[in-house]
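The lines below spell out each chain.
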Amino acid sequence: MTAKDLEERPSRLGQWPCQIQLVPPHAPYFENADVLIAADCTAYAYAGFHEKFMKNKITLIGCPKLDAVQYEEKLTQIFSTQPIKSVTVIRMEVPCCAGIVKATEKALLNAGKILPYKIITISVDGNIL
Ligand code: SF4
């Protein structure tokens, strides 16, 4: 791959802001959205994160260890009020990252929604497990 190829690779971020803490729960882009909930480190660990995981999705990010908030409440608001199409969670293999999965699953339960749901785990050497 040439430097030019890398420069021309487009961002796949579909909205702003992308932090779970900052995203407005009633934003119109959630309508019929495939939502990706990504632990912060995953985007740095997995090369090609935009193309492989973010493309055609609404991406929300956070770190369940370092952010001093509970994501469950915000995600419950989003899942309860928005006609989401699917949810994918992407986490690192390390134990501290389990919190993002737990928060998402609790929020889905709180919202009473049954949606296509997937968990992807990335290893510390940047592979999909
Ligand atoms: S919980 Fe740990 S691995 Fe996951 S995003 Fe935070 S620091 Fe990274």
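This structure is a prediction, so every number in the text was calculated from the model and none was measured.

Enquirer: Just to check I follow, could you spell out the sheet that holds strand S2 (residues 58–62) for this structure?
Expert: Two strands in a sheet stick together by hydrogen bonds in their backbones, pointing the same way (parallel) or opposite ways (antiparallel). Strand order in the open sheet formed by 4 strands is S2-S1-S3-S4, with parallel pairing between adjacent strands. The sheet is open, and its two edges are formed by S2 and strand S4 (117–122), each paired on a single side. Between one strand and the next, the sheet's axes are offset by a mean angle of 20 degrees, whatever the strand orientation. Of the strand pairs in this sheet, strand S3 (residues 86–92) and S4 are connected by 6 bridges, and their pairing is parallel. Residue pairing across strands places threonine 88 opposite lysine 118, the latter belonging to S4.

Enquirer: For this particular structure, what's the right way to read the nonpolar core?
Expert: Among soluble globular proteins, nonpolar side chains are generally buried collectively. Val35, Ile37, Leu60, Ile90 and Ile100 are the most contacted members of the largest nonpolar core, which totals 30 residues. Among the elements that take part in this core, strand S1 (residues 34–39) stands out by supplying 5 residues, more than any other. Beyond its immediate stretch of four places on either side in the chain, leucine 60 contacts Cys18, Ile20, Val23, Val35 and Ile37.

How each quantity is defined
Residues numbered from 1 in each chain as written. Predicted model: local features only at pLDDT ≥ 70, side-chain atom pairs only at ≥ 80, totals over all residues. Pairing = 2+ DSSP bridges. Helix = DSSP H or I, 4+ residues; strand = E, 2+ residues; numbered from the N terminus. Axes fitted to C-alpha atoms, helices over the stretch in contact; angles between N-to-C directions. Core = buried A, V, L, I, M, F, W, Y, C linked by C-beta atoms within 7 Å. Buried ≥ 20, exposed ≤ 12 C-beta atoms within 10 Å, placed from the backbone. Contact = placed C-beta atoms within 7 Å.

Read these as layout, nothing more, since geometry by itself doesn't imply function.
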